[in-house]
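A structural walkthrough
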Amino acid sequence: MPQKQAAEAALNDFADKWESKYSYAIKSWRDNWEELTVFFEFPLEIRKIIYTTNLIENLNGKIRKYTKNKLSFPTDQAVMKSVYLAVREATKKWSMPIRNWGIILNQFLTIYEKRVRL
């Protein structure tokens, strides 16, 4: 897999430069390399969905917007209500379809044919 090999080369380049400062992180990445790189076994379109963080970052921003003006909340329930309202407001704007969804769905059906139900 060329992408996995490129990722390993990038990790080695990073380690050459930063191992003295981030040795624990680099050791952890190397010790868990097989689990971390399972990602590369998926087709490109599915990988794009996995690593796209724009939606998550947007949602986090909405939650921060609802909670930043309060220095403290009287109860945990009050925090939960505020987060609930933020999520509810954010989901109103989730109308964009996922790009190439037909291709992605076919890939999921091929990879997980016994788990995906239409």
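Provided above is the structure to which this section pertains.
All values derive from a computational prediction rather than experimental measurement.

Each value, and the rule that gives it
Residues numbered from 1 in each chain as written. Predicted model: local features only at pLDDT ≥ 70, side-chain atom pairs only at ≥ 80, totals over all residues. Heavy atoms only, no water. Helix = DSSP H or I, 4+ residues; strand = E, 2+ residues; numbered from the N terminus. Polar contact = N/O pair within 3.5 Å; in protein donor to acceptor, adjacent residues only side chain to side chain. Contact = heavy atoms within 4.5 Å. Axes fitted to C-alpha atoms, helices over the stretch in contact; angles between N-to-C directions. Parallel < 35°, antiparallel > 145°, perpendicular 65-115°, else oblique. Left-handed = near helix turned anticlockwise from the far one by under 90°. Nonpolar A, V, L, I, M, F, W, Y, C, P; charged D, E, K, R; others polar.

Moving on, we get to the side chain of S82. Secondary-structure assignment places S82 in helix α5 (residues 76–91). From its side chain, S82 meets the backbone oxygen of Y66 in a polar contact 3.5 Å long. Residues within four places of S82 in sequence aside, it is in contact with Y66, T67 and F73.

This part is about the packing of helix α4 (residues 54–67) against α5. Orientation of α4 relative to α5, taken along the N-to-C sense of each, is 135 degrees, at an axis distance of 9 Å. Comparing their axes, α5 and α4 come out oblique. The interaxial crossing formed by α4 with α5 has right-handed handedness. Residues L59, K62, I63, Y66 and T67 of α4 lie in contact with α5, whose contacting residues are S82, V83, L85, A86, V87, E89 and A90. Among the residues making up the contact of α4 with α5, the classes are represented as 8 nonpolar, 2 polar and 2 charged.

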